[in-house]
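Commentary on secondary and tertiary structure
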Amino acid sequence: MKKIISCVLICVFILSLFTFPVASEEAITVMVNGETLESDVPAQTLPVYDEQGGYVGDRVMVPLRAISEKLNADVYWDDETCGITLYRKNNLYIMWEGMDTAFHLEGLDLNKSYTMDVAPTVIDDRTLVPARAVAEILGATVNWIEETNTVDISYELGEIEENATLAQQCNAYQYVLNDLYDEYKAYANGSAQKTTGKIILESGDEIKFEVYPQIAPQTANNFIFLAKEGFYDGTVFHRVIKDFMAQGGAYDTTYTYKPSHVVAGEFIMNGYLNLIGHKRGVISLARADDYNSGSSQFFIVQKDSQFLDGGYAAFGLVTEGMDIVDKICDVETDENDKPIDMVVIKQIIID
């Protein structure tokens, strides 16, 4: 009996030399702009581990609806997809139970993505979300006050808007993004499949770019095909508007139009989810009034032009040479926006 007791005491002593991570059992307070976050489900912690199983720390989890509405965001939960849509001031924030990436859509542009080390989780039929991650996604500043076990959230609410039901009305974006989650997660974090190349001008200047076949497959692959076929060799930038864009890819140096087959319009107004916004450096497909009239003509955005979002098929981005695009947009033009001195594309090379 004495030997058994001795063994137990030795084991207790050895175990006391090690520290095991456990979720904090102390009460946690969540403050938003100096006011306590009230909820029938208290904040709780979940332990986080790295890929090797090492303990990283605890994350404070709070009820989705409580924190969202405190930050004046309308919230909608979709039972079918376990998707979450938040709406505030023409911005959508979309995430899913069990998925670590959340998306921020500003208008019709995928503005940012966020990777959470704890995904939204359902516990006792309540959806809990990481307090810091969701608050920062919505634009708040978050501090942890260890002495009082307090999550302190500061948020400039501005004008309080009546936005009830708007998240539900915008839930269609969550539905489609759920199907394209892997593609847009890769696009947002820079790991998406891409094809690179460069536009070489007769002047010797070069504009390097990348295009995204996973985001706009018909548009990107059509551009790649035409470039490889030499279609763009000897064409010109025939329409240039300073502080807007430079358009080319359809007329030769005699301003004779070069026809090519048309592609379907891969943009939201034509029923296709394309969330590449028309920011500086983006490459997009020109078209006529018919949504499905785009062919070879492309344009490079010189200045952010969000009014084009959802109505044109953006498919690429200039990675080097925006100074050359600026030079093109600075050339003198006539009353039809045609450069007085031709800007000739010698070749478009696909790597």
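These figures come from a predicted structure and were not determined experimentally. (Residues numbered from 1 in each chain as written. Predicted model: local features only at pLDDT ≥ 70, side-chain atom pairs only at ≥ 80, totals over all residues. Heavy atoms only, no water.)

Now for the sheet that holds strand β1 (residues 29-32). With respect to topology, four strands assemble into an open sheet ordered β2-β1-β13-β12, the strand pairing being mixed. Where the open sheet ends on each side, the last strands, each with one partner, are β2 (35-36) and β12 (141-145). (Pairing = 2+ DSSP bridges. Helix = DSSP H or I, 4+ residues; strand = E, 2+ residues; numbered from the N terminus.)

Given two aromatic rings, their pairing is described by the distance between the two centres and the angle made by the two planes. Tallied over the entire structure, the rule returns 17 aromatic pairs. Judged by centre distance (5.6 Å) and plane angle (75°), the rings of Phe209 and Phe223 are edge-to-face. Here the residue Phe209 occupies a position in strand β15 (residues 206-211), and Phe223 occupies one in helix α7 (residues 217-228), the gap between them amounting to 14 residues. Here Phe209 falls in the buried class, since its relative accessible area comes to 1%. (Phe/Tyr/Trp six-rings, centres within 6.5 Å; stacked < 30°, edge-to-face > 60°. Buried < 20%, exposed > 50% of the residue type's maximum accessible area, 1.4 Å probe, protein only.)

Spacing of three or four residues puts side chains on the same side of an α-helix, whose turn is 3.6 residues. Its 12 residues place the ends of α7 16 Å apart at the C-alpha level, agreeing with the 16 Å of an ideal helix rising 1.5 Å per residue. Listing the buried residues of α7 in full gives Thr219, Ala220, Asn222, Phe223, Ile224, Leu226 and Ala227. Where α7 is buried, its residues meet β14 (195-201), β15, β18 (282-285), β19 (298-301), β20 (313-320) and β21 (344-350). (Expected span 1.5 Å × (residues − 1). Contact = heavy atoms within 4.5 Å.)

As a further point, take the sheet that holds β19. Spatially, β14-β15-β20-β18-β19-β17-β16-β21 is the arrangement adopted by the eight strands of the closed barrel, whose pairing is antiparallel. Adjacent strand axes in the sheet meet at a mean angle of 35°, parallel and antiparallel pairs treated alike. In this structure, β14 lies alongside β21, joined through five bridges in antiparallel fashion. Its bridge partner lying in β21, Gly197 is registered against Ile350. Packing against the sheet, α7 makes contact with β14, β15, β18, β19, β20 and β21, and its axis sits at approximately 110° to β21. (Axes fitted to C-alpha atoms, helices over the stretch in contact; angles between N-to-C directions.)

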